[in-house]
Amino acid sequence: MPELTTTPAGAAAKLPRHIAAIMDGNGRWARLRGLPRSAGHAAGAETFRRIATYCRDLGLEHFTVYAFSTENWKRSADEVDAIMGLLKKYLLESIEKMERDRIRLKILGDTSALSGELRELIDATDAIARRLSGCFQANVCLNYGGRDEIVRAVKRFCSEHPAGELTERALSDSLDTAGIPDPDLIIRTGGEYRLSNFLLWESAYSELVFSDVLWPDFTPEDIDAAIAEFARRDRRYGGVTS
Ligand code: IPE
Ligand code: IPE
Ligand code: MG
């Protein structure tokens, strides 16, 4: 396991199980270089591969990223197509390498609005993922919105348990993230201080870290720094420090 050079002594015990990232700043990264926004998304996809691999090597259980929100359909058809093309490429790679790399891929979000081709690739990755247990999991939120996820979860619960009592636990078990521990740490890059509809239910007690770095420039050292910041936080969950 690599050394966490920026982490204070004893912090290894405070390694988060689950880090989530709002990968923001791809468009600005491209604009700064006089490139089309799609080039920023391509660079961002490379950063995602690098950071996911690093999180696996650190010993995290889950790394979740916000790749495309339910609101991102407002962008131009060219930009949406470019993002969907990159996701297709990543799904194809995962089908080929998921077992070798031991990165179990899970797509979260409303996949019903995606193209038939993407849905078939997601079905193929799900079939491989079912065979892989006990390894690091990368969750990619695609056509994902926290509010949409909650509404779909309530509908799912009501159709599966018409006479059941809706509890916090029951709702958690009906979400796209069922079975995934809540994120301990949520990082947003790109200098904005908001959640933009990401993991609204699951983030109830997540620690939040904001970085001005544009996502394509985000490095493993920036992950180390965010984990070090996380390790300094006192998570009280509404209680008091003893
Ligand atoms: C985040 O980068 C990626 C997606 C939302 C798909 P942006 O594309 O939002 O980049 P900025 O915020 O315009 O720089
Ligand atoms: C959030 O970024 C969505 C993703 C990173 C996929 P946005 O760029 O869409 O968020 P806003 O518009 O700044 O809130
Ligand atoms: Mg943005």
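Before reading on, note that the structure itself is shown above.
Small disclaimer: the values here were computed from a predicted structure and weren't measured.

Rules used throughout
- Every residue gets a number counted from 1 within its own chain, in the order that chain's sequence is written.
- Here chains are named by letter from A upward and ligands by number from 1 upward, in the order in which they appear as written.
- Reporting of local features is limited, given that this is a predicted model, to residues whose pLDDT is at least 70; pairs of side-chain atoms are given and counted only at 80 or more, and all residues count toward the totals for whole chains, interfaces and linings.
- The side-chain numbers reported here are obtained from all heavy atoms of the structure, hydrogens and water having been left aside.
- For the purposes of this entry, the term helix denotes a DSSP run of H or I that reaches at least four residues, the term strand denotes a run of E that reaches at least two, and both are numbered from the N terminus.
- Our radius of gyration looks at C-alpha atoms and nothing else; its globule reference is 2.2 Å times the residue count to the power 0.38.
- The rule is simple: take the accessible area with a 1.4 Å probe, protein chains only, and divide by the maximum for that residue type; under 20% is buried, over 50% is exposed, in between is partly exposed.
- For this analysis, residues touch if any pair of their heavy atoms sits within 4.5 Å.
- Note that accessible areas follow from Shrake-Rupley with a 1.4 Å probe, and for residues the cover is restricted to the protein chains shown.
- Note on charges: Lys and Arg go in the positive column, Asp and Glu in the negative column, and His and the chain ends are not counted at all.
- Just so you know, the charge point we use is NZ for Lys, CZ for Arg, CG for Asp and CD for Glu.
- Any residue with a heavy atom positioned within 4 Å of a molecule or strand is treated as near that molecule or strand.
- The definition of a polar contact used here is a pair of N or O atoms within 3.5 Å, where within protein one atom must be able to donate a hydrogen and the other to accept one, and adjacent residues in sequence count solely through side-chain atom pairs.
- Gly falls in the polar group here, along with every residue not listed as nonpolar (Ala, Val, Leu, Ile, Met, Phe, Trp, Tyr, Cys, Pro) or charged (Asp, Glu, Lys, Arg).
- By salt bridge we mean one thing: a side-chain nitrogen of Lys or Arg within 4 Å of a carboxyl oxygen of Asp or Glu.
- Here, strands pair whenever DSSP counts at least two bridges between them.

**Q** Talk me through the overall build of the protein; I want residue IDs and the actual numbers.
**A** For the protein, the count of helices and strands is 7 helices and 6 strands. At 18 Å, the protein has a C-alpha radius of gyration in line with the 18 Å of a compact globule built from 242 residues. Each of the three principal axes of the protein carries a C-alpha extent, and together these read 55 × 50 × 35 Å. Classification of the 242 residues of the protein by burial places 47% in the buried group. Across the protein, the fraction of contacts at a sequence separation of at least 24, relative to all contacts at a separation of at least 6, is 77%. Of the roughly 12200 Å² of accessible surface on the protein, 51% is carried by carbon and sulfur atoms. Side chains of the protein give 32 positive and 37 negative charges; the mean places of these two sets differ by 1 Å.

**Q** An account of the site of ligand 1 is needed here, citing residue identities and associated values.
**A** In the vicinity of ligand 1, 13 residues are found, and the nearest of them are Asp24, Gly27, Arg28, Arg37 and Arg75. Between ligand 1 and the protein, one listed contact pairs an oxygen atom with a side-chain N or O atom of Arg28 at 2.7 Å. Separating an oxygen atom of ligand 1 from a side-chain N or O atom of Arg37 is a distance of 2.9 Å. For ligand 1, the protein covers 86% of the area, taking 370 Å² as the surface of the free molecule. Put simply, the parts of the chain that give the shell around ligand 1 at least two residues each are helix H1 (26–32), helix H2 (37–58) and helix H3 (77–101). Looking at the shell around ligand 1, the element that brings in the most residues is H1, giving 3 residues. Considered class by class, the residues forming the shell around ligand 1 number 3 nonpolar, 5 polar and 5 charged.

**Q** Lay out the pattern of salt bridges in plain terms, naming residues and giving numbers.
**A** Counted under the stated rule, the structure contains 24 salt bridges. The residue Arg28 makes a salt bridge to Glu192 at a minimum N-O spacing of 3.9 Å. Of the two residues, Arg28 sits in helix H1 while Glu192 sits in the loop between strand E5 (185–188) and strand E6 (207–210), which places them 164 residues apart along the sequence. For the salt bridge of Glu117 with Lys88, the shortest nitrogen-to-oxygen distance reads 2.9 Å. You can see Glu117 sitting in helix H4 (residues 116–131) and its partner Lys88 sitting in helix H3, a full 29 residues away along the chain.

**Q** So what about the pairing of strand E2 (residues 62–69)? Which residues, and what values?
**A** The side chains of a regular strand alternate, residue by residue, between the two faces of the sheet. When you tally the buried positions in E2, you get 7 out of 8 residues, the bulk of the element. Bridge count for E2 against strand E4 (residues 137–144) is 7 bridges, and the pairing is parallel. What sits directly across from Phe63, in E4, is Ala138.

**Q** Lay out the site of ligand 2 in plain terms, naming residues and giving numbers.
**A** Neighbouring ligand 2 are Ile22, Met23, Asp24, Tyr66, Ala67, Phe68, Asn72, Arg75, Arg188, Arg194 and Ser196. The separation between an oxygen atom of ligand 2 and a polar side-chain atom of Arg188 is 3.4 Å. Take Ser196: an N or O atom from its side chain is 2.6 Å from an oxygen atom of ligand 2. In isolation ligand 2 offers 390 Å² of accessible surface; the protein chains occlude 78% of this area.

**Q** How would you explain unusual backbone geometry if you had to name every residue and give the values?
**A** Positive phi, normally seen in glycine, also occurs at Arg102, with a value near 55°. Checked against the element boundaries, Arg102 lands in the loop between H3 and strand E3 (104–108).

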